[in-house]
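Per-entry structural report
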Amino acid sequence: MHERIFPVGPQHPALKEPLFLKLHVDGSYIAKAEFNLGYAHRGVEKCAEGYLLDSALHAVQRTCGICSQCHSMAFLNAVEPMTKVKVADKVYLQRLIIAELERIHSHLLWGGVMAHEIGLETLFMYYWRERENILDVFDELTGNRVHHSPDLVGTMKRSFGKKELDMVLEKLGAIEHEVRELREVMRTHNVITSRFKKHGNITNKMARQLGLVGPVARASGVNYDVRRHAPYMAYGMKELKVRPVLRTEGDSWARTMVRCDEIFESMRLVRKACELIDPNEDIPKKQNISVGEAFGLGRSEAPRGENFHFVRVENSRIARLKLRTPTLANVIAYSRIMEGEDITDVPVILMSLDPCISCMERVAVIRKGRQEIWTSHELFEGKKHD
Amino acid sequence: MIRVADSIRKIKADRLISITSIKKGEENTLYYHFSWDKKPEIKEFSVKVPKGEEAESIIGIFENAALLEAEVTELFGVKFKGNEYSGKRLFQAEKGGTA
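Below is a short write-up of the structure. Fair warning: this is a prediction, and the values are worked out from it, not measured in the lab.

**Focus: the overall build of chain B**
Summing up its helical and strand segments, chain B has two helices and five strands in all. Secondary structure of chain B in N-to-C order comes out as α-β-β-β-β-α-β. In summary, chain B has a C-alpha radius of gyration of 14 Å against a globular reference of 13 Å for 99 residues, a match within 12%. Over its C-alpha atoms, taken along the principal directions, chain B stretches across nearly 45 × 25 × 20 Å. Residues classed as buried in chain B amount to 39% of the 99 residues present.

**A few points about the nonpolar core**
Residues and elements named next belong to chain A. Within the largest apolar cluster, 136 residues are counted, with the highest numbers of intra-cluster contacts made by Leu-96, Leu-212 and Ala-273. The dominant element in this core, judged by the number of residues it contributes, is helix H4 (residues 89-117), at 14 residues. If we skip the residues at most four places from it in the chain, Ala-273 touches Leu-93, Leu-96, Ile-97, Ala-234 and Leu-240.

**Remarks on the sheet that holds strand S3 (residues 42-49) of chain B**
Residue and element names in this part refer to chain B. Pairing is antiparallel across the open sheet formed by three strands, whose spatial order is S1-S2-S3. Edge positions in the sheet fall to strand S1 (15-24) and S3, since each has one partner strand and no second. When the angles between neighbouring strand axes are averaged without regard to direction, this sheet yields 20°. In this sheet, S3 lies alongside strand S2 (residues 27-35) in antiparallel orientation, the contact comprising eight bridges. Opposite His-33, over in S3, you have Glu-44 as the bridge partner. Strands in contact with helix H2 (residues 65-76) are S1 and S2; relative to S1, the strand with the most contacts, it is inclined by about 10°.

**Structural notes on the environment of A:Asp251**
Residues and elements named next belong to chain A. In this structure, Asp-251 sits in the loop between helix H10 (226-229) and helix H11 (252-276). Separated by 86 residues in the primary sequence, Asp-251 and Ile-337 have C-alpha atoms spaced 9.7 Å apart. With residues up to four places along the chain from it excluded, the contact list for Asp-251 reads Phe-196, Lys-197, Lys-198, His-199, Gly-200 and Asn-201.

**Looking at the sheet that holds strand S3 (residues 29-36) of chain A**
Within a beta sheet, neighbouring strands are joined by backbone hydrogen bonds and run either parallel or antiparallel to one another. Residue and element names in this part refer to chain A. Read across the sheet, three strands follow the order S1-S2-S3 without closing on themselves; strand pairing throughout is antiparallel. What marks the edges here is a single partner per strand, and that holds for strand S1 (3-8) and S3. Neighbour to neighbour, the strand axes of the sheet diverge by 25° on average, direction disregarded. Bridge count for S1 against strand S2 (residues 20-26) is six bridges, and the pairing is antiparallel. When the bridges of S2 are listed, Arg-4 appears paired with Val-25.

**A word on the interface of chain A and chain B**
Each partner contributes to the interface: chain A provides 26 residues, whereas chain B provides 25 residues. Breaking the side of chain A that touches chain B down by element, the ones donating at least two residues are strand S7 (305-314), strand S8 (317-324) and helix H12 (326-330) of chain A. When the residues that make up the side of chain A that touches chain B are grouped by side-chain class, the tally is 14 nonpolar, six polar and six charged.

**Quick word on helix H2 (residues 53-60) of chain A**
One full turn of an α-helix is made of 3.6 residues, so residues set three or four places apart face in the same direction. All names here are of chain A. Looking at H2, one finds that the buried residues are Leu-53, Ala-56, Leu-57, Ala-59 and Val-60. Take H2 and look down its axis: the buried residues cluster within an arc of 160°, on one side only. At its buried positions, H2 is contacted by helix H1 (44-48), helix H3 (68-83), strand S4 (151-152) and S8.

**Brief notes about the pairing of S1(B)**
Residue and element names in this part refer to chain B. Counting buried residues along S1, seven of its ten residues qualify, which places the element largely inside the surrounding structure. By the bridge criterion, nine bridges tie S1 to S2 in an arrangement that is antiparallel. Along S2, the bridge assignment pairs Leu-16 with Phe-34. Linkage of S1 to S2, two consecutive antiparallel strands, is achieved through a turn of two residues, within which Gly-25 is found at a positive phi near 65°.

**With respect to unusual backbone geometry**
Within the chain, A:Lys198 stands out as a residue other than glycine whose phi angle is a positive 65°. Residue classification places A:Lys198 among the partly exposed residues on the basis of 13 C-beta atoms within 10 Å. Positioned with a positive phi, B:Lys12 is a non-glycine residue whose angle comes to about 55°. Mapped onto the elements of the fold, B:Lys12 is located in the loop between helix H1 (5-11) and S1. When the 9 C-beta atoms within 10 Å are taken as the criterion, B:Lys12 is described as exposed.

Conventions we followed
Note that residues are indexed from 1 along each chain, following the sequence as it is written. As a convention, the first chain written is A and the first ligand written is 1, with the rest following in written order. In keeping with the model being predicted, local features are shown solely for residues with a pLDDT of at least 70 and side-chain atom pairs are shown and tallied solely at 80 or more, while totals for entire chains, interfaces and linings include all residues. Under the scheme used here, helices are H or I runs from DSSP no shorter than 4 residues and strands are E runs no shorter than 2 residues, and both carry numbers assigned from the N terminus. Based on C-alpha atoms, the radius of gyration is set beside the globule rule, defined as 2.2 Å times the residue count to the power 0.38. Any residue whose C-beta has 12 or fewer other C-beta atoms within 10 Å is treated as exposed, any with 20 or more as buried, and any in between as partly exposed, C-beta atoms being built from the backbone. The term nonpolar core refers to a group of buried residues, namely Ala, Val, Leu, Ile, Met, Phe, Trp, Tyr and Cys, whose C-beta atoms join them within 7 Å. Residue pairs are scored as contacts if the distance between their C-beta atoms, which are placed from the backbone, is within 7 Å. Two strands form a pair only when DSSP identifies at least two bridges running between them. To obtain each axis, a line is fitted to C-alpha atoms, and for helices this fit is confined to the stretch in contact; angles are then taken between N-to-C directions over 0 to 180 degrees. When residue character is reported, Ala, Val, Leu, Ile, Met, Phe, Trp, Tyr, Cys and Pro are called nonpolar, Asp, Glu, Lys and Arg charged, and the others, Gly included, polar. As used here, the arc is the angular range of directions from the helix axis to the C-beta atoms.

These figures capture arrangement, not role.
Structure, rendered in structure tokens:
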């Protein structure tokens, strides 16, 4: 049998973001898989350099359109301790509400895309209909449906009152029953179980060796969740201790079920946080922050896993920012789990890892003398250099 | 070659979170960050790599170092001995490309 190369991407119906998979196939079986990145890189790290903390936060929140709050929280975990600002509990609780709603929204979005990949278009629409409710909540709470940007260093832009909190609880109540039904479909539908179970296996040992994170690792029995193991912000409150969702099968179906169940854990956390918030309390106003020379490390648990931010500050400005997104931690598993699978299972296996390519490719080097490259100032101001 | 593997092995961490490079003058400083599944701490290990020197790859200890080291090579020019990805294109555009 001849080995042939079958290209998938960078633009392909099975991919929602640009990634090039080079599959060495023997008949329809994959003998070897290689990936090629670099089709969506931007300049978040580089463009933040030289900017004040609040301006850099503005850029950091835009690393990802799905988990922007989790990037914001990782960045703030790194910089708030250096500013010595005392952050109010209400601010922490509000951040947790947005982050957990973001997890619900991310998992619902993913469920829809997964359903689309296997041809269940109606299920895709049901998933995205429920997701729309969460986007409405973001709109009400922050004024933005996607890049919420509610944070400032040490505080937030808005204080949630009774009206906002009631809306959160009402919307969660409205979608919970439907989301449970969608979970049942994912758990029992013949097409789903036959295409997901025992495909794309990641053993516990492999997950540990490769340092995988998030639902991908937890579906292989790796009990690693930053919210629980290194509690930050409101996750440190005893009422908001996270109960991790674990499975041991390690296949595409296990990853699906972990995400389905995490939605309900997030709903529990949001409801509890709404109970703990005093709607009449005001949050502190924006403060002028001054930091000499310092560096900080911050982590947060995004819907796809651990986010890590390394921030070095000199004279209140960013000297170096490094982001390690969860997809960069998980992308190394792609080539491993494709090997030995049938080519028709590629979309399902790929989507079961829930990749966020644009989030991963956050790095760009700005070179002078090349027309297509923007400077950091142009990126911030939206003006092209002439 | 700047040796790092033995020192890193002694840390006995469960996972490598990230490798960050900071360039000052002609010298790069590599910051390795590690974590444990059961402990909340992050352990930092740093090493200076003068211009023209190679660093030792730690793929033998943490397989996920492959891409993290490759990124440092691509953006800062620090090469890692023993990493097949080090030196290959990762995020940047192909020669002549505009990605």
